[in-house]
Amino acid sequence: VSAASRFFRYLRHGLIASAVWIFVSVLIDSYFWNRRLWPEGEVLWYNTVLDKSSNWGTSPFLWYFYSALPRCLLGAIPLAVVGVLFEKKRLSSFVFVALFFVFLYSFLPHKELRFIIYVVPVLNLAAAVGLAHIWKRRSQLSILVSLFAIGCIAGSACLSGSFLYVSHLNYPGGHALAAFHRHLENSPGDVHVHICNAAAQSGVTRFGEENSSWRYSKLENLSPGKAMLPFSHLIAESNDQSFYKDSHDILFEEKSFDRLSLRSSPFGVVTKESLVVLQRKTPPVVRNGKQRAV
């Protein structure tokens, strides 16, 4: 069978499978969103035809190559180069397609790792091949080459562990909600908690709403202050706590990642106050002889 006939056969299978799953996607998502919707098509239209992805921030053209992929692959990069050198015929086309895919996505001003995450297994495959060749030839190669390979693996493991530690500090909302449940575990009374945008975007999900008798609100466009008085508790941004000094008590604050510093530990990580969990004061605050509703 010629390469051309194989290509068109694969293309036909791909088109049929795509049509089937697009239909399934439209059917399911249209039902849940109450309108005709193909999510992937809508995103593609928004990002490419309308070219509005930049509304969510932009990065330099080569950001994927000098920032995203190096941080994602770490020690796999030099091993992938070794793999391509040893298996040029078999790996070059795979690696080229992966990198060309990243190159094409680089034209979109708005960049996220999730857009090009699909190339990581391909590049890791090349790295695995490179490591396998080094292992097979370890008796013929210099001890420095073996140490280099071990260093790539150990370095990647250490850096991945460090990144994992730092990453868990990027979800103060999730930590705050979990701590909030622990803090009020045995507290009686009605709990109606408002979750601010910053918390909702940093780890708060419906799965974290552990108490079925509590009320959770993510209502937006509420100004800090009086508009928040109907809620018994607030998960708010630390910068806003001055608005509540008369009406709420601070239960605790939640920190998040700020920066790296060689003077700090562990791992030189510096954190900052990010969110504050507040409880409405009872009885109502009295000021100037008048009772203020809380």
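Residues numbered from 1 in each chain as written. Predicted model: local features only at pLDDT ≥ 70, side-chain atom pairs only at ≥ 80, totals over all residues. Heavy atoms only, no water.

(A) Structural detail: the sheet that holds strand β1 (residues 192-195). Strand order in the open sheet formed by five strands is β2-β1-β3-β5-β4, with mixed pairing between adjacent strands. A strand with exactly one partner marks an edge of an open sheet, and here the two such strands are β2 (215-217) and β4 (248-260). Averaged over all pairs of adjacent strands, the angle between their axes in this sheet comes to 20 degrees, without regard to strand direction. Relative to strand β5 (residues 269-280), strand β3 (residues 233-237) runs antiparallel, the two sharing five bridges. When the sheet's bridge partners are listed, isoleucine 235 is paired in β5 with valine 277. Taken strand by strand, helix α9 (residues 172-183) contacts β1, β2, β3, β4 and β5, and its axis lies near 150 degrees from that of β4. (Pairing = 2+ DSSP bridges. Helix = DSSP H or I, 4+ residues; strand = E, 2+ residues; numbered from the N terminus. Axes fitted to C-alpha atoms, helices over the stretch in contact; angles between N-to-C directions. Contact = heavy atoms within 4.5 Å.)

(B) Region of interest: the packing of aromatic side chains. A complete count under the given rule lists 13 aromatic pairs for this structure. Aromatic side chains tryptophan 214 and tyrosine 216 sit 6.3 Å apart centroid to centroid with 45 degrees between the ring planes, which places their arrangement in the tilted category. Here tryptophan 214 matches tyrosine 216 in class, with each residue buried. In this arrangement the basic side chain of arginine 138 is found over the ring face of tryptophan 135, its NZ or CZ atom lying 3.7 Å from the centre. (Phe/Tyr/Trp six-rings, centres within 6.5 Å; stacked < 30°, edge-to-face > 60°. Buried < 20%, exposed > 50% of the residue type's maximum accessible area, 1.4 Å probe, protein only. Lys NZ or Arg CZ within 6 Å of the ring centre and 35° of its normal.)

(C) Expanded view of the environment of glutamine 201. Structurally, glutamine 201 is set in the loop between α10 (197-200) and β2. Along the primary structure glutamine 201 and histidine 183 are separated by 18 residues, whereas in three dimensions their C-alpha atoms are 22 Å apart.

(D) A look at the layout of surface pockets. Roughly 650 Å³ of internal volume is contained in the largest pocket. Along the wall of the largest pocket there are 23 residues; nearest its centre are Glu40, Val43, Leu44, Asn47 and Phe115. Breaking the lining of the largest pocket down by element, the ones donating at least two residues are α2 (39-49), α5 (88-105) and α6 (113-116). The biggest single contributor to the lining of the largest pocket is α2, with nine residues. The residue inventory of the lining of the largest pocket, partitioned by class, reads 14 nonpolar, four polar and five charged. (1 Å grid on protein atoms, 1.4 Å probe; cavity = no way out; pocket = protein on both sides within 12 Å on 5 of 7 lines; lining within 4 Å. Points joined across faces, edges and corners; volume = space filled by probe spheres on them. Nonpolar A, V, L, I, M, F, W, Y, C, P; charged D, E, K, R; others polar.)

(E) Region of the structure containing the pattern of salt bridges. As enumerated under the stated definition, the model contains six salt bridges in all. Of the charged contacts in the structure, one is a salt bridge between arginine 215 and aspartate 190, with a shortest N-O distance of 2.6 Å. Within this pair, whereas arginine 215 is found in strand β2, its partner aspartate 190 is found in the loop between α9 and β1, the two being separated by 25 residues in sequence. Where arginine 206 meets glutamate 209, a salt bridge forms, and the shortest distance between an N and an O atom there is 3.1 Å. (Salt bridge = Lys/Arg side-chain N within 4 Å of Asp/Glu carboxyl O.)

None of this, on its own, says anything about what the molecule does.
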